Amino acid sequence: MIDPGALGRRLHELRADRGLALTALARQAGVSVSMLSAIERGEKTPTVVVLSRIADGLGLSVSRLLAGLENDRVIVRRAAEQDHVAEPGGWHRTVLTPVVPGVNFEWIRTTLPPGCDAGGFPAYAPGSHEFVAVESGELCLGVGDAGYVLTAGDSVYFPADVGHSYANRGEHPCVYSVAALIMRPRTA
């Protein structure tokens, strides 16, 4: 498991070595200054997506960013440590997976209230995949130009290198999980 304090110290050192202010790295990484600051203080553990953005902003791979920080091959993420994100429109996401160096995998549990449209998500890099399983309610999934209606117990796989969207047009909350392997192109 990666100690959040050690990760924060490592991030601070790398940023300082490059002469970057928090605001400069935030801009380069596409991550908020408050998130970067909380990670550097060891108060937050970033998701795989945020960690990948920070690594890109520093011009590093995720594995180079995390080199030497992993002290256990088994990573437990307690319920209290999971990231809970309240999104505009009333929908809620919980990132269930811990950050694993070199692995671009996330497992997210989402609740969409009745009539909620979570909006569209852009195509990810080639080689990206999403698996969706509906626990309850009705999910309207858009993949490219196609639409699918999924209900409790249904699941679907799609290559995530196309735009996709999630909506609940039903009268009851929709709860679903997304297991995603998101590839990200690296920049020099």
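Summary of the structure given here. All values reported here derive from a predicted model rather than from experimental measurement.

## A short note on the pattern of salt bridges
Pairing is possible between side chains that carry opposite charge, provided their charged atoms lie close to one another. If you walk through the whole model with that rule in mind, you get five salt bridges. A salt bridge links arginine 15 to glutamate 40; its shortest N-O distance comes to 2.7 Å. With a gap of 25 residues between them, arginine 15 in helix H1 (residues 4-17) and glutamate 40 in helix H3 (residues 33-40) connect regions that are remote in the sequence. In this structure, arginine 15 and glutamate 40 share a single accessibility class: buried. Arginine 41 serves as the salt-bridge partner of glutamate 43, at 2.8 Å between the closest nitrogen and oxygen.

## Re the pairing of strand E9 (residues 164-167)
Both strand E4 (residues 117-121) and E9 contribute to a ladder of four bridges, which runs antiparallel. Looking across to E9, one finds that phenylalanine 121 is bridged to histidine 164. Taken together, the four bridges between strand E6 (residues 138-143) and E9 define a ladder with antiparallel strand orientation. The residue bridging glycine 142 from the neighbouring strand is serine 165, located in E9.

## Things to note about the sheet that holds strand E1 (residues 83-86)
Spatially, six strands are ordered E1-E2-E3-E10-E5-E8 in an open sheet, and the strand pairing comes out antiparallel. Every interior strand has two partners, whereas the edge strands, E1 and strand E8 (155-159), have only one. Across the sheet, the mean angle from the axis of one strand to that of its neighbour is 20°, orientation sign disregarded. The pairing of strand E5 (residues 129-136) with E8 spans five bridges and is classified as antiparallel. By the bridge assignment for E8, glutamate 130 is matched with phenylalanine 158.

## What about the sheet that holds E6?
Judged by pairing direction, the sheet is antiparallel, and its four strands sit side by side in the order E4-E9-E6-E7 without closing on themselves. Unpaired on one side and paired on the other, E4 and strand E7 (146-151) mark the two borders of the sheet. Adjacent strand axes in the sheet meet at a mean angle of 15° when their direction is disregarded.

Basis of the calculations
- Residues numbered from 1 in each chain as written.
- Predicted model: local features only at pLDDT ≥ 70, side-chain atom pairs only at ≥ 80, totals over all residues.
- Heavy atoms only, no water.
- Salt bridge = Lys/Arg side-chain N within 4 Å of Asp/Glu carboxyl O.
- Helix = DSSP H or I, 4+ residues; strand = E, 2+ residues; numbered from the N terminus.
- Buried < 20%, exposed > 50% of the residue type's maximum accessible area, 1.4 Å probe, protein only.
- Pairing = 2+ DSSP bridges.
- Axes fitted to C-alpha atoms, helices over the stretch in contact; angles between N-to-C directions.

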